[in-house]
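The lines below spell out each chain.
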Amino acid sequence: MGFNIAIDGPAGAGKSTIAKKAAADLGFIYVDTGAMYRALALYFIRNGIDGADEEAIKNALTQISVTLQYSGGTQQVLLNGENVSDLIRTEEVSRMTSVTSALGCVREKLLSLQQDMAAAHDVIMDGRDIGTNVLPNADIKIYLTASVAERARRRYLEQKQKGGTSSLEEIEKDIIERDTRDKNRAIAPLRRAEDAVYLDTSDMNIDEVAAEIERLYREKIRS
Ligand code: DC
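Here goes a summary of the coordinates provided. Because the structure is predicted, anything quoted here is derived from the model rather than measured. (Residues numbered from 1 in each chain as written. Predicted model: local features only at pLDDT ≥ 70, side-chain atom pairs only at ≥ 80, totals over all residues. Heavy atoms only, no water.)

### Brief notes about the overall build of the protein
Worth spelling out the cut-off: Each helix corresponds to a stretch of at least 4 residues labelled H or I by DSSP, and each strand to a stretch of at least 2 residues labelled E; elements are numbered beginning at the N terminus. Radius of gyration here is computed from C-alpha atoms only, and the compact-globule reference equals 2.2 Å multiplied by the residue count raised to the power 0.38. Accessibility here uses a 1.4 Å probe with only protein chains present; expressed as a share of the type maximum, an area under 20% marks a residue as buried, one over 50% as exposed, and anything in between as partly exposed. In this description, contact between two residues means that some pair of their heavy atoms is separated by no more than 4.5 Å. Where accessible areas are quoted, they stem from the Shrake-Rupley method and a 1.4 Å probe; at the residue level, only the protein chains shown are allowed to cover. Two residue types count as positive, namely Lys and Arg, and two as negative, namely Asp and Glu; His and chain ends fall outside the count. In plain terms, the charge of a residue is placed at NZ if it is Lys, CZ if Arg, CG if Asp and CD if Glu.
Scanning the protein for helices and strands turns up nine helices and eight strands. Here the C-alpha atoms of the protein give a radius of gyration of 17 Å, agreeing with the 17 Å that 2.2 N^0.38 yields for 223 residues. Judged by the C-alpha coordinates and their principal axes, the protein covers about 50 × 40 × 35 Å. Classification of the 223 residues of the protein by burial places 48% in the buried group. A separation of at least 24 residues holds for 75% of the contacts in the protein among residues at least 6 apart in sequence. Accessible surface for the protein amounts to roughly 11000 Å². Of this, 48% is attributable to carbon and sulfur atoms. Positive and negative side-chain charges in the protein, numbering 29 and 35 respectively, have mean positions lying 1 Å apart.

The following block contains the structure:
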């Protein structure tokens, strides 16, 4: 079994940036589970499958394989062998992912892949249900969050840099909607595990949060 650090939290809390940095510093593999859900959603979009049509999604899942590869420490997600890492960050994919990741058949498809990664390697894995569902025995669990306003501001700046044209208000509305869906779904909703360390990053920078995770790691291996 590898050393497992689980990071959960809402969209825009900084999970991936921080997990990537802490993984590089600690020599761990960073597993971005959101990317796996996004790859499935891309398949549904490409094949004209309605996110609400569970039967069609169940059938489609039998045709899909999602695998992870690492090049230079960076995770690449492959959809039926095609590297789709650069195609899964659009707003369209985000919206579809938020809907289809609520389905039990979709979550089941990815669960053992995620658990196998954690069994074989030292990992920092981020998502929504890692500490509660995927790795309930993780060595360290962190619940990372920030205020809605701060998360919207971060997403706004990020998309503007990439040439996006959404307004701050639109992004904030989208974040609230996605939070509501992720927290209220019947299966594996986003919530803080009882034994997770709660970190509000509204007033923390990336280095401060990564340093806190590394401190928790050193404390754990000493104990
Ligand atoms: O972390 P992200 O923004 O890439 O996640 C995209 C969507 O996938 C988001 O709506 C929540 C969902 N997701 C999930 O349900 N469970 C996970 N472990 C990771 C992501």
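Next comes the rest of the write-up.
### Observations concerning the site of the ligand
Put simply, the rule is: Consider each residue's heavy atoms; a residue with any of them within 4 Å of a molecule or strand counts as near. Counting of polar contacts relies on pairs of N or O atoms within 3.5 Å, with two restrictions inside protein: one atom must be capable of donating a hydrogen and the other of accepting it, and residues adjacent in sequence are counted only when both atoms are side-chain atoms. Throughout, the ten residues Ala, Val, Leu, Ile, Met, Phe, Trp, Tyr, Cys and Pro are labelled nonpolar, Asp, Glu, Lys and Arg are labelled charged, and all others, Gly among them, are labelled polar.
Around the ligand sit 15 residues, and of these Thr 33, Arg 38, Arg 107, Arg 128 and Arg 185 come closest. Contact distances for the ligand include 2.7 Å between an oxygen atom and a side-chain N or O atom of Arg 38. Within the side chain of Arg 128, a nitrogen or oxygen atom sits 2.9 Å from an oxygen atom of the ligand. Among the elements of the structure, α2 (33-46) and α4 (91-100) are those that each provide at least two residues to the shell around the ligand. The leading source of residues in the shell around the ligand is α2, at four residues. A per-class count over the shell around the ligand returns two nonpolar, six polar and seven charged.

### Remarks on the pairing of strand β3 (residues 66-71)
As a reminder of what qualifies: For two strands to pair, DSSP has to find at least two bridges joining them.
Here β3 runs beside strand β4 (residues 74-79); their pairing, made up of six bridges, is antiparallel. In the sheet register, Ser 71 faces β4, and the bridge partner there is Thr 74. Between the antiparallel neighbours β3 and β4 lie two residues, among them Gly 72 with a positive phi of about 60°.

### A look at the sheet that holds strand β5 (residues 82-83)
The criterion, for reference: In this analysis an axis means a line fitted to C-alpha atoms, helices contributing only their contacting stretch, and an angle means the value between N-to-C directions, from 0 to 180 degrees.
The strand order across the open sheet built from three strands is β3-β4-β5, with neighbouring strands paired in antiparallel fashion. Each of the sheet's edge strands pairs with one partner strand only, and the pair in question is β3 and β5. As judged from the two bridges shared by β4 and β5, these two strands associate in the antiparallel manner. Looking at the pairing, Leu 79 lines up with Glu 82 of β5. Strands in contact with α2 are β3, β4 and β5; relative to β4, the strand with the most contacts, it is inclined by about 30°.

### Describing the pattern of salt bridges
Quick note on the threshold: One speaks of a salt bridge when a side-chain nitrogen belonging to Lys or Arg is within 4 Å of a carboxyl oxygen belonging to Asp or Glu.
For the structure shown, the criterion picks out 17 salt bridges. A salt bridge links Arg 46 to Glu 82; the shortest N-O distance between them is 2.9 Å. You can see Arg 46 sitting in helix α2 and its partner Glu 82 sitting in strand β5, a full 36 residues away along the chain. For Arg 46, a relative accessible area of 43% translates into the label partly exposed. Judged by relative accessible area, Glu 82 falls into the partly exposed class, the value being 34%. Across the pair Arg 178 and Glu 91 runs a salt bridge, and its minimum N-O distance is 3.4 Å. Taken as a pair, Arg 178 in helix α8 (residues 168-184) and Glu 91 in helix α4 lie far apart in primary sequence, 87 residues in all. Under the relative-accessibility criterion, Arg 178 is labelled buried at 8%. Connected through shared salt-bridge partners, Lys 21, Asp 25 and Asp 207 make up one network.

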